[in-house]
Amino acid sequence: MKCENCTKKECSKKQKNDDKQNTLVDPLSTNDENEEKNEFHKLAGAKIFLSDCLACDNCVTSEEGVRIFQQNQKEFFRILNLNKKCDTSKHKVLAVSVCTQSLPYFAAKFRLCVNDAAKRLCGFLKSLGVHYVFDTTIAADFSILESQKEFVQRYRQRNQEEHALPMFASACPGWIRYAERVLTNPVTPHICTAKSPQQIMGSLVKGYFARQQNLSPDKIFHIIVAPCYDKKLEALREDFYTPLYNSQDVDCVLTSGEIVQIMEQKNVSMKEVAEVAVDSLFGEIKEEDVVRHDGRRSDGYLEHIFKHAAKELFDMDVKEITYKTLKNKDFQEVSLEKDGETVLRFAAAYGFRNIQNVVLKLKKGKFLYHFVEVLACPGGCLNGKGQAQTEDGKPDKVLLSQMEELYAAIPVRLPETSMHVQKLYQDWLEGMDSKKVQETLHTGYCAVNQTASSMDIKW
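Residues numbered from 1 in each chain as written. Predicted model: local features only at pLDDT ≥ 70, side-chain atom pairs only at ≥ 80, totals over all residues. Heavy atoms only, no water.

## Some points on the nonpolar core
The nonpolar side chains of a soluble globular protein tend to be buried, and buried together. Counting 53 residues, the largest nonpolar core has Phe-151, Phe-168, Trp-175, Leu-344, Phe-371 and Val-372 as its most contacted members. Counting residues per element, the ones that place at least two in this core are helix 8 (137-156), strand 3 (167-168), helix 9 (173-183), helix 13 (301-314), strand 9 (331-338), strand 10 (341-350), helix 14 (352-363) and strand 11 (371-375). Residues within four places of Phe-168 in sequence aside, it is in contact with Trp-175, Val-187, His-190, Ile-191, Cys-192, Val-358, Leu-362, Phe-367, Phe-371, Val-372 and Val-374. (Core = buried A, V, L, I, M, F, W, Y, C linked by side-chain atoms within 4.5 Å. Buried < 20%, exposed > 50% of the residue type's maximum accessible area, 1.4 Å probe, protein only. Helix = DSSP H or I, 4+ residues; strand = E, 2+ residues; numbered from the N terminus. Contact = heavy atoms within 4.5 Å.)

What follows is the structure, given as structure tokens:
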């Protein structure tokens, strides 16, 4: 069977209807766990499938498979249950960070505006025993700002550094896994080193927030609510682990759909939940209305980097970006001209078929782009496989359309204008160009477990 998501001619990826029993979460067994099962018996039967992830079995080791299975609702309730026991040494501070692209799903699902959905989701999570609920926009601010800065540096070094350009976005873990384990060395040096918003949020919660609360990072259990299952894989990366505290920056990832599963198992609707203001990383301050970045279905790396580069490199103010659709709506191009010459050419490539076309052009030396915003999911992050899917695993087009409208209506805030971000650069990261910025907000991507692949597959 040929995998739709990679270049292998044979793939061991299983479909949802194949041998479901082998991929279900194992039943609980110990006495403590049986106590949990009695309290959350419906939830314990929730079905979690590895096949929902974009990575095929050839890209996931058996150890990773076990650890992915641990990132589910039962692990969440295991921690909640520990917090109810008398042994305070095992208690954890539960912090949940919600991706901006998840909020339109809850809003559309329960027919709410995005701001109300955020507050009711916060109220629901806190009713379960969560201590803090954060929004990940501030982490995306950092990721975009660092990506902008890196692109300008690469552009200026393009004649001295072989792999300076093109630069590929690094925010999508499905794309990163594919690049590292299938595409390998020809591609990985071109990937931006800025961490994704998820992992920067992990650094913020386990670093800055833990210090503010006088907590050891291992005393915080940090959960991300995200649109896709590949975020579970990202959380397992060795470079997002602190050996000193035996602590991952992100302990567990639950998809938007898995949160709705919890609501359904507990017979709760978001409309019935009290609204609670979303927490801030800065003490008693609460978050205001939800904001987003430029970009129609993602965090808008292309638009922000394009406008920043136009100003920094060519002293041109770009207010509006005009997209040119190429082979399909998920493969689009943006260019900047000065004095009759094209000085910047960017592309957005969503979905593996478009990614494959981009990589083929790179390998053949016919690459025209300076930057490519790469997302594994056709349609972008809103169409993540952890949300907006029908029961048979197909995209829910009606729901997705509603989500896109809701997302587009969220006010845009430029990351440069965030006073909190500027304060963190100074107070937490010791300046915008410090060594700590590189250590905290950046990582590296390289070929892993090189495998044979065929770049000639026709999609």
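## What to know about the sheet that holds strand 8 (residues 324-328)
Strand order in the open sheet formed by five strands is 3-11-10-9-8, and the pairing between neighbours is mixed. Either end of the sheet is taken by a strand with one partner, and the two such strands are strand 3 and strand 8. Here strand 9 runs beside strand 10; their pairing, made up of eight bridges, is antiparallel. Across the sheet, Glu-337 pairs through a bridge with Thr-342, a residue of strand 10. (Pairing = 2+ DSSP bridges.)

## Notes on the packing of aromatic side chains
Summed over the entire model, instances satisfying the criterion amount to 19 aromatic pairs. Aromatic pair Tyr-132 and Phe-209: ring centres 4.9 Å apart, planes at 80°, arrangement edge-to-face. You can see Tyr-132 sitting in strand 2 (residues 132-135) and its partner Phe-209 sitting in helix 10 (residues 197-212), a full 77 residues away along the chain. Three or more aromatic residues joined by ring pairs form one cluster here, namely Phe-151, Tyr-155, Phe-306, Phe-314, Phe-346 and Phe-371. Sitting over the face of the ring of Tyr-155, Arg-158 holds its NZ or CZ atom 4.1 Å from the ring centroid. Over the aromatic face of Tyr-407 sits the side chain of Arg-292, whose NZ or CZ is 5.2 Å from the ring centroid. (Phe/Tyr/Trp six-rings, centres within 6.5 Å; stacked < 30°, edge-to-face > 60°. Lys NZ or Arg CZ within 6 Å of the ring centre and 35° of its normal.)

## Topic: the environment of Pro-395
Mapped onto the secondary structure, Pro-395 falls in the loop between strand 11 and helix 15 (397-408). Here the alpha-carbon distance between Pro-395 and Gly-384, two residues 11 residues apart in the chain, equals 9.1 Å. Beyond its immediate chain neighbours, meaning those up to four positions away, Pro-395 contacts Asn-383, Ala-388, Gln-389 and Thr-390.

## Describing the sheet that holds strand 7 (residues 252-255)
Spatial strand order, 2-1-4-7: four strands in an open sheet with parallel pairing. Either end of the sheet is taken by a strand with one partner, and the two such strands are strand 2 and strand 7. Adjacent strand axes in the sheet meet at a mean angle of 25° when their direction is disregarded. Seen against the sheet, helix 12 (residues 256-265) touches strand 4 (220-226) and strand 7 and runs at an angle of roughly 75° to strand 7. (Axes fitted to C-alpha atoms, helices over the stretch in contact; angles between N-to-C directions.)

## What about the packing of helix 7 (residues 114-128) against helix 12?
Where helix 7 contacts helix 12, the axes come no closer than 12 Å and their chain directions differ by 60°. When the interaxial angle is binned, helix 7 and helix 12 end up oblique. Crossing geometry of helix 7 relative to helix 12 is assigned as left-handed. Of helix 12, the residues touching helix 7 (which contributes Leu-121, Phe-124, Leu-125 and Leu-128) are Ile-259, Ile-262 and Met-263. (Parallel < 35°, antiparallel > 145°, perpendicular 65-115°, else oblique. Left-handed = near helix turned anticlockwise from the far one by under 90°.)

## Observations concerning helix 5 (residues 73-82)
With nine of 10 residues buried, helix 5 lies mostly within the body of the structure. Every buried residue of helix 5 is listed here: Gln-73, Lys-74, Glu-75, Phe-76, Phe-77, Ile-79, Leu-80, Asn-81 and Leu-82. Among the residues of helix 5, the N-terminal cap falls to Asn-72, whose side-chain oxygen and the backbone nitrogen of Lys-74 are separated by 2.9 Å. (Polar contact = N/O pair within 3.5 Å; in protein donor to acceptor, adjacent residues only side chain to side chain.)

## Here's the deal with the pattern of salt bridges
As a working rule, side chains carrying opposite charge can pair if their charged atoms are close by. Inspection of the entire model under this criterion finds 18 salt bridges. In this structure, Arg-237 engages Asp-239 in a salt bridge whose closest nitrogen and oxygen atoms are separated by 3.2 Å. Through salt bridges with shared partners, a single ionic network connects Glu-146, Lys-149 and Asp-433. (Salt bridge = Lys/Arg side-chain N within 4 Å of Asp/Glu carboxyl O.)

## Some points on the environment of Ala-118
Relative to the elements of secondary structure, Ala-118 occurs in helix 7. We classify Ala-118 as buried; its relative accessible area is 7%. Counting along the chain gives 11 residues from Ala-118 to Ala-107, while the straight-line C-alpha distance between them is 8.1 Å. Apart from residues no more than four positions distant in its own chain, Ala-118 is found in contact with Leu-103, Val-278 and Val-290.

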